[in-house]
Amino acid sequence: MKSFLFNSTIFIVLTSLNQVFAQDYHYDPPWNKPWSDGLNFTIPGIDNIPDLYGDIVDPQLVVFFAGNQFMVVDDLLAAFKKQYPEYTRIFVETLPPGILAKQIKTGSLTIGNMRITHRPDVYTDGKQKIVELTDMFSRIEPYAKNRLAIMVQKGNPKKVKGLADLGRKDVLVSMPNPEWESVGKKIEEAYVKLGGEQLRKQIMEEKVKDKTTYLTQIHHRQTPMRILYGQSEAGPVWFSEVYYQQMLKHPVETVEIPEKENIEVIYTAGLMKNAPRPKAAKDFMDFLISEKAKVIYKNYGFTTD
C-alpha cells in the first residue's frame, strides 16, 4: 500500500511538472511557421531564434526590419519572391531597431554562440530615426503607418481604460525600453501628452523602481508573452501587435487610445549607401512601396495611406 501511494505521488508530481512545462511554452514564438527545407530543430523556449529569417548562408538580399513588423515578413517575402523569382536566398532580421542600428555600427551581432556579420542592403525604422541617419542611405521611402494601443489580458480584469490607468499601482505594466526601442520613446511622448511629466515619471521611474513596470529587452515579443503568461496585465504596443495576437486567437484584448492622446509612426525604409547587393536592394525598395506590399501590411493592422 505504501509503495502504491509513493508511486502515485511520483506520478502526480511528474504529471504536474509536465503540465507546467507545457503551459510555460504554450505561447512561445515563433508564431509563424518557420521556413524549413530540411530538418526542423525548433525547440520552444530553448532554440527558437524567432527574429532571424531565411537563408543566412550567401544571401542575395539582407533586410533589417524594425522588429514589430515580424508578423508581415512571411507574406511579404513570399510575394516579393513571386514577383522577383531570381531572389531565392533572403536573410531578414526583425530585432528592435536600436539593436539593429548598433549591429550596423559594430559590424556584427552575437546570439548565443552564433555570430552574424551580414551588412544590410535595406534598413527600416520610424521616419524620425531614418532622417537622423540619412547619411547612411542613398534612397529613403515611407511605406506604412501605425498607432499606439494597449494590450490587456482577455476580459481586461484590471479594467484598464487608457494610458492613465497604467500609472495605477495595482496594474502590472510591460513597457518597451526606450534605450533601444523607438516605440518606448513614442509611448513616453504619449504619457506626457496626456498627463504631463508626472504621468511619465510615475510609470517609467516610480513603478520601475517598485517593479510594477517591467522594461523589456525585446519589446515586440516580450510584451505579449508576459501578458499571455500572466506576468504583466497591460502593455502599450503598436496597434498591429495586439491585432496580430488576436489573429492568432491568443487570449488578449485591445484597449484603444483616443487620437488626441495617440502617437503615430511612419515606417520608412533606407537603401544603404554601402549595400553589398545594390540591385536586390533597389528591387526590394520598389516592391515595399508597391500596392501588393500595401495590401499585405493592411492585412496585419497597419495603414498605408
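Residues numbered from 1 in each chain as written. Predicted model: local features only at pLDDT ≥ 70, side-chain atom pairs only at ≥ 80, totals over all residues. Heavy atoms only, no water.

Trainee: What's the story with the overall build of the chain in this structure? I'm lost.
Mentor: Looking only at helices and strands, one finds nine helices and 12 strands in the chain. Compactness check: the chain gives a C-alpha radius of gyration of 21 Å against a globular reference of 19 Å for 305 residues, within 12% of the reference. Each principal axis of the C-alpha distribution contributes one length, and for the chain these read about 75 × 55 × 35 Å. Within the chain, the fraction of its 305 residues that count as buried is 49%. Here the analysis covers contacts within the chain between residues at least 6 apart in sequence; of these, 77% occur between residues at least 24 apart. Charged side chains in the chain number 39 positive and 37 negative. The centres of these two groups are separated by 1 Å. (Helix = DSSP H or I, 4+ residues; strand = E, 2+ residues; numbered from the N terminus. Rg over C-alpha atoms; globule rule 2.2 N^0.38 Å. Buried < 20%, exposed > 50% of the residue type's maximum accessible area, 1.4 Å probe, protein only. Contact = heavy atoms within 4.5 Å. Lys, Arg positive; Asp, Glu negative; His and termini not counted. Charge placed at Lys NZ, Arg CZ, Asp CG, Glu CD.)

Trainee: Would you mind showing me how to read the confidence of the model for the chain here?
Mentor: Detailed reading of the predicted coordinates is not advisable wherever pLDDT falls low. Residues of the chain with pLDDT of at least 70 account for 92%, and the chain-wide mean is 90. For residues 2-23, every residue scores under 50 in pLDDT, and the model assigns this stretch one contact once sequence neighbours within four places are set aside. (pLDDT = per-residue confidence, 0-100.)

Trainee: Is there a simple way to think about the packing of helix 2 (residues 73-83) against helix 9 (residues 291-299) in this case?
Mentor: In a pair of packed helices, the angle between the axes and the distance between the axes together describe the arrangement. Put simply, helix 2 and helix 9 touch, their axes get as near as 10 Å, and they point 160° apart. When the axes of helix 2 and helix 9 are compared, the pair comes out roughly antiparallel. With respect to the hand of their crossing, helix 2 and helix 9 are arranged in right-handed fashion. Contacts between helix 2 and helix 9 pair Asp75, Leu76, Ala79 and Gln83 from the former with Lys292, Ala293, Ile296 and Tyr297 from the latter. When the residues that make up the contact of helix 2 with helix 9 are grouped by side-chain class, the tally is five nonpolar, one polar and two charged. (Axes fitted to C-alpha atoms, helices over the stretch in contact; angles between N-to-C directions. Parallel < 35°, antiparallel > 145°, perpendicular 65-115°, else oblique. Left-handed = near helix turned anticlockwise from the far one by under 90°. Nonpolar A, V, L, I, M, F, W, Y, C, P; charged D, E, K, R; others polar.)

Trainee: Even after reading the chapter, I still don't get the nonpolar core, so can you show me in this structure?
Mentor: What tends to happen in soluble globular proteins is that the nonpolar side chains get buried as a cluster. Judged by nonpolar contacts, the single largest core of 70 residues is most densely connected at Phe65, Leu76, Ile150, Leu166, Tyr191, Phe284 and Tyr297. Other than its neighbours up to four places away in sequence, leucine 166 contacts Ile150, Val160, Val173, Tyr191, Ile203, Lys207, Ala234 and Pro236. Counting nine residues, the second-largest nonpolar core is a separate cluster that includes Tyr27, Met151, Ile227 and Val242. (Core = buried A, V, L, I, M, F, W, Y, C linked by side-chain atoms within 4.5 Å.)

Trainee: Please explain the packing of aromatic side chains as it appears in this structure.
Mentor: The geometry of an aromatic ring pair is captured by the separation of the ring centres together with the interplanar angle, meaning the angle of the planes. In total, this model carries 16 aromatic pairs according to the counting rule given. Seen from the ring of phenylalanine 239, arginine 147 lies directly overhead, with NZ or CZ sitting 4.0 Å from the centre. In this structure, arginine 226 is placed above the aromatic ring of tyrosine 214, and the distance from its NZ or CZ to the ring centre is 3.7 Å. (Phe/Tyr/Trp six-rings, centres within 6.5 Å; stacked < 30°, edge-to-face > 60°. Lys NZ or Arg CZ within 6 Å of the ring centre and 35° of its normal.)

Trainee: Would you take a moment to explain the layout of surface pockets for this structure?
Mentor: Over the atoms, a rolled probe matching the size of one water molecule traces out where space is still vacant. For the largest pocket, the calculated volume is near 660 Å³. The element best represented in the lining of the largest pocket is strand 1 (residues 52-54), accounting for three residues. Split into classes, the residues belonging to the lining of the largest pocket amount to 12 nonpolar, seven polar and three charged. The volume enclosed by the second largest pocket comes to roughly 560 Å³. Considering the residues around the second largest pocket, the lining is formed by 33 residues, among which Asp125, Lys129, Glu132, Ser182 and Lys185 are closest to the centre. Elements with a contribution of two residues or more to the lining of the second largest pocket: helix 3 (97-106), strand 6 (122-126), helix 4 (127-132), helix 5 (182-209), helix 6 (219-228) and strand 12 (264-272). Of the residues belonging to the lining of the second largest pocket, the class tally is 14 nonpolar, eight polar and 11 charged. (1 Å grid on protein atoms, 1.4 Å probe; cavity = no way out; pocket = protein on both sides within 12 Å on 5 of 7 lines; lining within 4 Å. Points joined across faces, edges and corners; volume = space filled by probe spheres on them.)

Trainee: Quick question: what am I supposed to make of the side chain of aspartate 51 here?
Mentor: Of note, aspartate 51 is situated in the loop between helix 1 (2-24) and strand 1. Beyond its immediate chain neighbours, meaning those up to four positions away, aspartate 51 contacts Phe70, Val92, Glu93, Thr94, Leu95, Ile218, His220 and Arg221.

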